[in-house]
Amino acid sequence: MLKGMTLTQFLLKQKRTSSGIDENIIGLMEGVATIAKVISREVSQAGLIDLLGYQGDINVHGEQVQKLDAFANTTFINVLGSSGFLTGMASEEIEDFYAVPEGTPRGNYLLSFDPLDGSSNIDVNVSVGSIFSIHKKISSGDAVSVTDFLQKGRDQVGAGYVIYGPSTMLIFSLGSGVQGFTLDTSIGEFLLSHENIKIPIKGKIYSINEGYAFMWEERIKKYVDGAKKEGKTLRYVGSLVADFHRNLLKGGLFLYPADSKNPQGKLRLLYEASPLAFIVEQAGGAATTGSQPILDLLPEKLHQRVPLIIGSINDVKQVEAC
Ligand code: P6P
């Protein structure tokens, strides 16, 4: 029984039993845990220290950047940028990738991340999250290149997310199952609370923004009609990490399909769909664009958008059968 184990104890145990876990990965995951603690502290205090409201900046996608988005992005860069575990980072908040400067300690890994997803929910105190994806550097030479980031999701070394909700949880996989750690704020430690998470093969929940029903393609309409007839219930927070996490634990399906407004879909492949697809497949679920597995896509651009249908494997198959 590993429950209650600290993140450090768990990672060191993993290192003993999994060849793919080296000191750099352990250091990287400990860095992510530190980032999660810092962002959790700020998110929980945001309303009090006037971090809310718009900073006035616009990010690469033309979206107004909430101050906490910027804070979260800076935290990732500050904690891991010169940690010696990474050669580069790609963030939703930065147009181009961040190359760890020459002369700074560099490791063999790359981190792609959405520092604070669902940030439009911050002002109304709804759960938000951070999502991260880890690849190994594949280009020759010491410097990182964009091709290092544009790797298939199936080649991720690890991936995970943090959900800043009633409790702060770190959910991740390094390729041997999915583990959930809950932050014990009284001692500042992430403790193993959800060991070897498996998503139910079928769920009673579907998550989609029904406000866009008039823009859906026919087969999405057909699936949703069928789901209603089956008596499934609709749960849609509007925060990807919150919707995904609920479905991971209880079973269900999240859909953000392409539609006439977003012909490529809205969600990003590199640091949203791909890491969550890695998690869900490790947990026995599935993730597809509607026509092919998310993890088999070869990204062409850092901020590439993709349709996302993800969750219980039988529910994903039901959509594909429509
Ligand atoms: P819509 C939040 O802005 C986000 O990126 C995801 O967290 C969430 O799943 C999605 O957008 C919600 O989008 O169009 O339904 O408001």
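Residues numbered from 1 in each chain as written. Predicted model: local features only at pLDDT ≥ 70, side-chain atom pairs only at ≥ 80, totals over all residues. Heavy atoms only, no water.

Details of the sheet that holds strand β12 (residues 233-234)
Part 1 of the argument: On the basis of which strands lie adjacent, the open sheet formed by 5 strands has the order β12-β11-β13-β15-β14 and mixed pairing. Pairing within the sheet leaves two strands with one partner each, and these edge strands are β12 and β14 (286-288).
Part 2 of the argument: Pairing analysis gives 2 bridges linking strand β11 (residues 205-207) to strand β13 (residues 253-256), with the strands arranged parallel. The residue bridging tyrosine 206 from the neighbouring strand is leucine 253, located in β13.
Part 3 of the argument: The strands touched by helix α6 (residues 240-250) are β11, β13 and β15 (308-311); relative to β11, the strand with the most contacts, the crossing angle is about 160°.
Part 4 of the argument: Sitting on the sheet, helix α7 (residues 269-282) is in contact with β14 and β15, with an inclination near 25° to β15. (Pairing = 2+ DSSP bridges. Helix = DSSP H or I, 4+ residues; strand = E, 2+ residues; numbered from the N terminus. Contact = heavy atoms within 4.5 Å. Axes fitted to C-alpha atoms, helices over the stretch in contact; angles between N-to-C directions.)

A look at the pattern of salt bridges
Part 1 of the argument: On inspection of all chains with the given rule, the structure shows 13 salt bridges.
Part 2 of the argument: Here glutamate 23 ties to lysine 15 by a salt bridge, and the two come within 3.5 Å at their closest N and O atoms.
Part 3 of the argument: The class for glutamate 23 is exposed, based on a relative accessible area of 53%.
Part 4 of the argument: Judged by relative accessible area, which is 33%, lysine 15 ranks as partly exposed.
Part 5 of the argument: A salt bridge links lysine 221 to glutamate 218; its shortest N-O distance comes to 3.5 Å. Of this pair, lysine 221 and glutamate 218 are both found in helix α5 (residues 218-229), 3 residues apart, which corresponds to roughly one turn of the helix.
Part 6 of the argument: A single salt-bridge network, built from bridges that share partners, covers Lys202, Glu230, Lys232 and Asp315. (Salt bridge = Lys/Arg side-chain N within 4 Å of Asp/Glu carboxyl O. Buried < 20%, exposed > 50% of the residue type's maximum accessible area, 1.4 Å probe, protein only.)

Let's talk about the domain arrangement of the protein chain
Part 1 of the argument: The domains assigned to the protein chain are domain 1 (7-194) and domain 2 (205-321).
Part 2 of the argument: Spacing between the C-alpha centres of domain 1 and domain 2 amounts to 22 Å.
Part 3 of the argument: Taken together, the 47 residues of domain 1 in the interface contact 33 residues of domain 2.
Part 4 of the argument: Regarding the contact of domain 1 and domain 2, the summed buried area is about 3000 Å², with carbon and sulfur atoms giving 63% of it.
Part 5 of the argument: Sorting the residues of domain 1 by area buried against domain 2 places Leu150, Arg154 and Tyr161 first, and these three jointly supply 22% of that buried surface.
Part 6 of the argument: Here domain 1 and domain 2 share 3 salt bridges between them.
Part 7 of the argument: A salt bridge links arginine 154 to aspartate 296; the shortest N-O distance between them is 2.7 Å. (Domains from an automatic or database assignment. Buried area = accessible area lost by both parts, 1.4 Å probe.)

Some details on the packing of aromatic side chains
Part 1 of the argument: Within this structure, the stated rule accounts for 8 aromatic pairs.
Part 2 of the argument: Relative to phenylalanine 172, the ring of phenylalanine 10 has its centre 6.3 Å away and its plane inclined at 75°; by these criteria the two rings are edge-to-face. Taken together, the residues phenylalanine 10 in helix α1 (residues 7-17) and phenylalanine 172 in strand β8 (residues 168-173) connect sequence positions 162 residues apart.
Part 3 of the argument: Overall, phenylalanine 10 belongs to the buried group, its relative accessible area being 3%.
Part 4 of the argument: A ring pair is formed by tyrosine 161 and phenylalanine 244, whose centres lie 5.6 Å apart and whose planes are at 90°; its orientation type is edge-to-face. Residue tyrosine 161 is found in strand β7 (residues 158-164), and its partner phenylalanine 244 is found in helix α6; the two are separated by 83 residues along the sequence.
Part 5 of the argument: Owing to a relative accessible area of 3%, phenylalanine 244 belongs among the buried residues under this scheme.
Part 6 of the argument: Taken together, the aromatic side chains of Phe10, Phe172 and Phe181 make up a single cluster linked through ring pairs. (Phe/Tyr/Trp six-rings, centres within 6.5 Å; stacked < 30°, edge-to-face > 60°.)

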